[in-house]
Amino acid sequence: MTNVLYDLPGPKARLRNRILGVASAIGILALLGYIVSRFYDTGQFEPVKWQQFEYTAIQQQLLDGYLTTLRVAGTAAVLALLLGALLAAVRLSDHAWLRAPATFLVELFRAIPLLVLIFFAYYGPIQLGYKVGPFWPLVIGLVVYNGAVLAEIFRAGILAVAKGQSEAAYALGLRKTQVMLSILLPQAVRAMLPAIVSQLVVLLKDTALGFIIALPELLYVGKQIGGRLPFGLPYVPSYLVVAAIYITTCGLLSWFAFWLQKRLIGGPRRRTTADPVPLTTDQGTAGPAL
């Protein structure tokens, strides 16, 4: 039996894949064990380095940094989705004088590193004599970069819908806006959702770049907590706690996306009493029994 893209593996190939999988798992576990042992040998698990996390003030600092991270990520995600949708719509326009500038902006913002965009948004107004806080420069950098990436995701998702869908809609007399909003976009969203969520997870992690411009987000707070001499400079414990918070948040976001995708696609429809009774061989093929 073959698949559309590749031949299904035979018994030897399956055995080889199992061996490679087990060997890879053993290698990863060995690497993690080595890292943990090095942490233990260097005293990273000593109680004094973890003692400060028992204090309410430290927990409040972490919570404030986490809320700042969520606020930046939420604001940037909404604006990036709007910007991406706008750029994608313009790139799909029939008018070249609209497509060309949009294409230039998308390719430009995708080519510039995110950190450079944040520096431009932060230090640019300062050079012009305007004092700005670190919140909006970080949001602007995230919106510009991720908006350009999302624009390509939106455009690719819409173009992936079969042309017959739009041709049938135009044949019914619908305008292009109606075809886009009522026919193409609802079908494209289901295909685009995993890529959109993956990009939003990247956006959430990129909020950590805010520590470079002294935004008190989660990583910045973790760095401050780790630099306290009375607790033995617990940088590793602090970053482990911060990493656990990031992993948990990204995992929840991915789970929500998976749940939402299942709801959008839907499972097999359950038959109700209002549904017509299927035909049997005794009833013939002319129609249901009266």
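Preceding this section is the structure that the text describes.
Report follows, based on the coordinates. (Residues numbered from 1 in each chain as written. Predicted model: local features only at pLDDT ≥ 70, side-chain atom pairs only at ≥ 80, totals over all residues. Heavy atoms only, no water.)

## Things to note about the overall build of the protein chain
Okay, so step 1: A tally of helices and strands in the protein chain yields ten helices and zero strands.
Okay, so step 2: N-terminal to C-terminal, the α/β element order of the protein chain is α-α-α-α-α-α-α-α-α-α.
Okay, so step 3: A buried classification covers 30% of the 290 residues belonging to the protein chain.
Okay, so step 4: Taking all contacts inside the protein chain whose residues are at least 6 apart in sequence as the whole, residues at least 24 apart take part in 70%.
Okay, so step 5: For the protein chain, the exposed surface amounts to about 18800 Å²; the carbon and sulfur share of it is 68%. (Helix = DSSP H or I, 4+ residues; strand = E, 2+ residues; numbered from the N terminus. Buried < 20%, exposed > 50% of the residue type's maximum accessible area, 1.4 Å probe, protein only. Contact = heavy atoms within 4.5 Å. Areas by Shrake-Rupley, 256 points an atom, 1.4 Å probe, with all protein chains shown as cover.)

## Quick look at the packing of helix H5 (residues 114–127) against helix H6 (residues 135–159)
Okay, so step 1: The interhelical angle for the contact between H5 and H6, taken along N-to-C directions, is 135 degrees, at an axis separation of 8 Å. As judged from the angle between their axes, H5 and H6 are oblique. When you trace H5 past H6, the crossing you get is right-handed. For the pair formed by H5 and H6, the contact residues are Leu114, Leu117, Ile118, Ala121 and Tyr122 on the first element and Pro137, Leu138, Ile140, Gly141, Leu142, Val144 and Tyr145 on the second.
Okay, so step 2: A per-class count over the contact of H5 with H6 returns eleven nonpolar, one polar and no charged. (Axes fitted to C-alpha atoms, helices over the stretch in contact; angles between N-to-C directions. Parallel < 35°, antiparallel > 145°, perpendicular 65-115°, else oblique. Left-handed = near helix turned anticlockwise from the far one by under 90°. Nonpolar A, V, L, I, M, F, W, Y, C, P; charged D, E, K, R; others polar.)

## Examining the nonpolar core
Okay, so step 1: If you look at the biggest cluster of nonpolar residues, it comprises 38 residues, and the most contacted ones within it are Val72, Leu138 and Ile196.
Okay, so step 2: Taken together, the elements giving at least two residues each to this core come down to helix H3 (56–91), H5, H6, helix H8 (176–206) and helix H10 (235–265).
Okay, so step 3: In terms of residues, this core owes the most to one element, H8, which gives twelve residues.
Okay, so step 4: Apart from residues no more than four positions distant in its own chain, valine 72 is found in contact with Phe135, Leu138, Val139, Leu142, Thr207 and Leu215.
Okay, so step 5: Listed in part, the nine residues of the second largest apolar core include Ile58, Leu62, Ile225 and Val242. (Core = buried A, V, L, I, M, F, W, Y, C linked by side-chain atoms within 4.5 Å.)

## A short note on the packing of aromatic side chains
Okay, so step 1: Counted under the stated rule, the structure contains eight aromatic pairs.
Okay, so step 2: Ring centres of phenylalanine 39 and phenylalanine 45 lie 6.3 Å apart, and the angle between their planes is 70 degrees; this geometry places the pair in the edge-to-face category.
Okay, so step 3: For phenylalanine 39, a relative accessible area of 24% puts it in the partly exposed group.
Okay, so step 4: Each residue in the set Phe119, Tyr122 and Tyr123 is aromatic and connected to the rest through ring pairs, giving one cluster. (Phe/Tyr/Trp six-rings, centres within 6.5 Å; stacked < 30°, edge-to-face > 60°.)

## Observations concerning the layout of surface pockets
Okay, so step 1: By volume, the largest pocket is sized at about 370 Å³.
Okay, so step 2: Forming the walls of the largest pocket are 18 residues, and the residues nearest its centre are Ala85, Ile158, Met180, Leu181 and Leu185.
Okay, so step 3: Where the lining of the largest pocket is concerned, the elements lending two or more residues are H3, H6, H8 and H10.
Okay, so step 4: By residue number, the principal contributor to the lining of the largest pocket is H8, which donates nine residues.
Okay, so step 5: Each residue belonging to the lining of the largest pocket can be placed in one class, and the counts come to 15 nonpolar, two polar and one charged.
Okay, so step 6: Around the second largest pocket, the lining comprises 16 residues; the ones closest to its centre are Ala77, Val197, Leu200, Leu253 and Phe256.
Okay, so step 7: Considering only residue class, the lining of the second largest pocket consists of 14 nonpolar, two polar and no charged. (1 Å grid on protein atoms, 1.4 Å probe; cavity = no way out; pocket = protein on both sides within 12 Å on 5 of 7 lines; lining within 4 Å. Points joined across faces, edges and corners; volume = space filled by probe spheres on them.)

## Some thoughts on the pattern of salt bridges
Okay, so step 1: For the structure shown, the criterion picks out four salt bridges.
Okay, so step 2: As a salt-bridge pair, arginine 110 and glutamate 152 come within 3.7 Å of each other at their nearest N and O atoms. Within this pair, whereas arginine 110 is found in helix H4 (residues 96–111), its partner glutamate 152 is found in helix H6, the two being separated by 42 residues in sequence.
Okay, so step 3: In this structure glutamate 152 comes out as buried when scored by relative accessible area, which is 17%.
Okay, so step 4: Ionic pairing is found between glutamate 152 and arginine 155, a salt bridge with its closest N-O pair at 3.1 Å. Within this pair, glutamate 152 and its partner arginine 155 are both found in helix H6, separated by three residues, close to a single helical turn.
Okay, so step 5: Here arginine 155 falls in the partly exposed class, since its relative accessible area comes to 23%.
Okay, so step 6: Salt bridges sharing common partners tie together Arg91, Glu107, Arg110, Glu152 and Arg155. (Salt bridge = Lys/Arg side-chain N within 4 Å of Asp/Glu carboxyl O.)

## What to know about the packing of helix H7 (residues 163–171) against H8
Okay, so step 1: Contact geometry for H7 and H8: axes closest at 10 Å, N-to-C directions at 145 degrees. Of the two elements, H7 crosses H8, and the hand of that crossing is right-handed. Contact residues: Gln165, Ser166, Ala169 and Tyr170 in H7; Lys176, Val179, Ile183, Leu184 and Gln187 in H8.
Okay, so step 2: Considered class by class, the residues forming the contact of H7 with H8 number five nonpolar, three polar and one charged.

## Let's talk about the environment of alanine 77
Okay, so step 1: Among the secondary structure elements, alanine 77 is positioned in helix H3.
Okay, so step 2: Put simply, alanine 77 and valine 139 are 62 residues apart on the chain and 9.0 Å apart in space, counted from C-alpha to C-alpha.
Okay, so step 3: Sequence-distant contacts of alanine 77, that is, excluding residues within four places in its chain, are made with Leu200 and Leu203.

## Some points on H6
Okay, so step 1: Counted at 1.5 Å a residue, the expected span for H6 with its 25 residues is 36 Å, and the 36 Å between its end C-alpha atoms agrees.
Okay, so step 2: Of all 25 residues in H6, 19 are buried, a share of seventy percent or more. (Expected span 1.5 Å × (residues − 1).)

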